Amino acid sequence: MSYIDWFEAHGEKHAKIMEKLKHKSDDEVIEYFRFENMVKNEPDFCPLYKDNKKCHDYEKLNCYLCACPNFRFNDDGFEKQENKTLYSYCGIDSKDGSQFIGDTYIHQNCAGCIVPHKEKYIKKNFSRNWFEIMNKVKPKI
């Protein structure tokens, strides 16, 4: 599955949950997306939920911004760097991020970064439309 396919499918899952929550306040919506609640009430939102596993080792993990608004990707690649194709990078160059570098590719590794999973960050960037928050992530077609 390409990243763009995952991105679009994930956004649709997010929208379905948001439709169920339309009567809730913004704070209640954000609270609903806390990891423990999502594992219990939205088990199909993330494949890690079936094993009660977190993508980031953070006690107060919030899944509202699963897929970071600072992540940039292009399934065709952005550019060549020393015979390797750069497919993804961090738009804010987070000090907690790194790169996966293979023989022919470079991908952003977000495993060490929890920026989008903190509720303070989510509240600052909040929109009920996930695609609106994520508008800079994918390349314009």
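The name an unreviewed UniProt entry gives the protein is Cysteine-rich small domain-containing protein, with Malaciobacter marinus as the organism.

Caption draft 1: Examining the state of the cysteines more closely. Tallied over the full model, the rule gives zero disulfides. No disulfide involves Cys68; its sulfur sits 6.1 Å from the nearest other cysteine sulfur, which is in Cys113.

Caption draft 2: Geometry of the sheet that holds strand E3 (residues 84-86). In spatial order, the strands read E2-E3-E6-E5; together these four strands make up an open sheet with mixed pairing. Strands with a single pairing partner mark the edges of an open sheet, and in this sheet they are strand E2 (79-81) and strand E5 (98-101). Direction aside, neighbouring strands of the sheet carry axes that sit 40° apart on average. Note: E2 against E3, three bridges, orientation antiparallel. Of the residues in E3, the one forming a bridge with Lys80 is Thr85.

Caption draft 3: Local environment of unusual backbone geometry. Of note in the backbone geometry, Ala67 takes a positive phi value of approximately 80° without being a glycine. Judged by its relative accessible area of 14%, Ala67 is buried. With a phi close to 65°, Asn83 is a non-glycine residue in the positive phi region. Residue placement: Asn83 occurs in the loop between E2 and E3.

Caption draft 4: Just the pattern of salt bridges, in detail. Per the stated rule, a full pass over the model turns up seven salt bridges. The salt bridge involving Lys123 is made with Asp27; its shortest N-O contact spans 3.8 Å. Here Lys123 is found in helix H4 (residues 119-125), whereas its partner Asp27 is found in helix H2 (residues 26-32), with 96 residues between them in sequence. Looking at Asp27, the relative accessible area reads 42%, which means it is partly exposed. The partner of Lys50 in a salt bridge is Asp51, and the shortest N-O contact between them spans 3.4 Å. In this pair, the class of Lys50 matches that of Asp51, namely exposed.

Caption draft 5: Region of interest: the pairing of strand E6 (residues 105-109). In terms of strand pairing, E3 meets E6 through two bridges, oriented parallel. When the bridges of E6 are listed, Leu86 appears paired with Ile106. Hairpin connection of E5 to E6: three residues between the antiparallel strands.

Quick notes on the rules
- Residues numbered from 1 in each chain as written.
- Predicted model: local features only at pLDDT ≥ 70, side-chain atom pairs only at ≥ 80, totals over all residues.
- Heavy atoms only, no water.
- Disulfide = S-S within 2.5 Å.
- Pairing = 2+ DSSP bridges.
- Helix = DSSP H or I, 4+ residues; strand = E, 2+ residues; numbered from the N terminus.
- Axes fitted to C-alpha atoms, helices over the stretch in contact; angles between N-to-C directions.
- Buried < 20%, exposed > 50% of the residue type's maximum accessible area, 1.4 Å probe, protein only.
- Salt bridge = Lys/Arg side-chain N within 4 Å of Asp/Glu carboxyl O.

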